[in-house]
Amino acid sequence: MKPFKLSDNIQCAVADVLTQFMFTNTMDDVWKVWDSVFDQYDLCSDPFTDTPCSPKEYSKNKLEYDRQIMIDKFGHCDGLE
């Protein structure tokens, strides 16, 4: 994997997250840190994958997710724009 340049802010955020996980001993601790990081960084769960994403990514993906669900259920998509 080719390294890429990150801003100092992003590197600090990543270091903070990894440091929090360093001090987990059980899966319960991992879930507590996971929930804490979600709250601390104001993250959302991607509607397609349930993985962490930004609120901006969530808004875009949620609209597409809802559109696909409507098409699956009703064969067409109206009123989401």
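For the structure itself, look to the data block above.
Calculation rules
- Residues numbered from 1 in each chain as written.
- Predicted model: local features only at pLDDT ≥ 70, side-chain atom pairs only at ≥ 80, totals over all residues.
- Heavy atoms only, no water.
- Phe/Tyr/Trp six-rings, centres within 6.5 Å; stacked < 30°, edge-to-face > 60°.
- Helix = DSSP H or I, 4+ residues; strand = E, 2+ residues; numbered from the N terminus.
- Buried < 20%, exposed > 50% of the residue type's maximum accessible area, 1.4 Å probe, protein only.
- Expected span 1.5 Å × (residues − 1).
- Arc of directions from axis to C-beta.
- Axes fitted to C-alpha atoms, helices over the stretch in contact; angles between N-to-C directions.
- Parallel < 35°, antiparallel > 145°, perpendicular 65-115°, else oblique.
- Left-handed = near helix turned anticlockwise from the far one by under 90°.
- Contact = heavy atoms within 4.5 Å.
- Nonpolar A, V, L, I, M, F, W, Y, C, P; charged D, E, K, R; others polar.

Draft legend 1. Layout of the packing of aromatic side chains. Under the criterion given, the structure shown has three aromatic pairs. Their ring planes at 85° and their centres at 5.4 Å tell us that F48 and Y65 sit as a pair that is edge-to-face. Of the two residues, F48 is situated in the loop between β1 (44-45) and β2 (52-53) and Y65 in helix α3 (residues 55-74); the sequence distance between them amounts to 17 residues. You can call F48 partly exposed: its relative accessible area is 38%. Taking relative accessible area as the criterion, Y65 reaches 28% and is therefore assigned partly exposed. Taken together, the aromatic side chains of W31, W34 and F38 make up a single cluster linked through ring pairs.

Draft legend 2. Layout of α3. Here α3 contains 20 residues, and its C-alpha end-to-end distance of 28 Å stays within 8% of the 28 Å for a straight helix at 1.5 Å per residue. Positive backbone phi, at 80°, marks G75, one or two positions downstream of α3.

Draft legend 3. Quick peek at helix α2 (residues 27-40). With 14 residues, α2 should cover 20 Å at 1.5 Å per step; its first-to-last C-alpha distance of 20 Å lies within 8% of that length. Considered for burial, the residues of α2 that qualify are V33, V37 and F38. For α2, the angular spread of the buried residues around the axis is 140°, confining them to a single face. The exposed set on the far side of α2, more than 90 degrees from its buried face, consists of D28, K32 and D39. Once α2 ends, the next one or two residues include D42, with phi positive near 50°.

Draft legend 4. Broad picture of the packing of helix α1 (residues 8-22) against α2. Between α1 and α2, the least distance of the axes is 9 Å, while the angle of their chain directions is 160°. The angle between α1 and α2 places the two elements in the roughly antiparallel class. Every pair of crossing elements has a handedness; the one defined by α1 and α2 is right-handed. Contacts from D16, V17, Q20 and F21 in α1 reach V30, V33, W34, S36, V37 and Q40 in α2. Its residues placed into classes, the contact of α1 with α2 shows six nonpolar, three polar and one charged.

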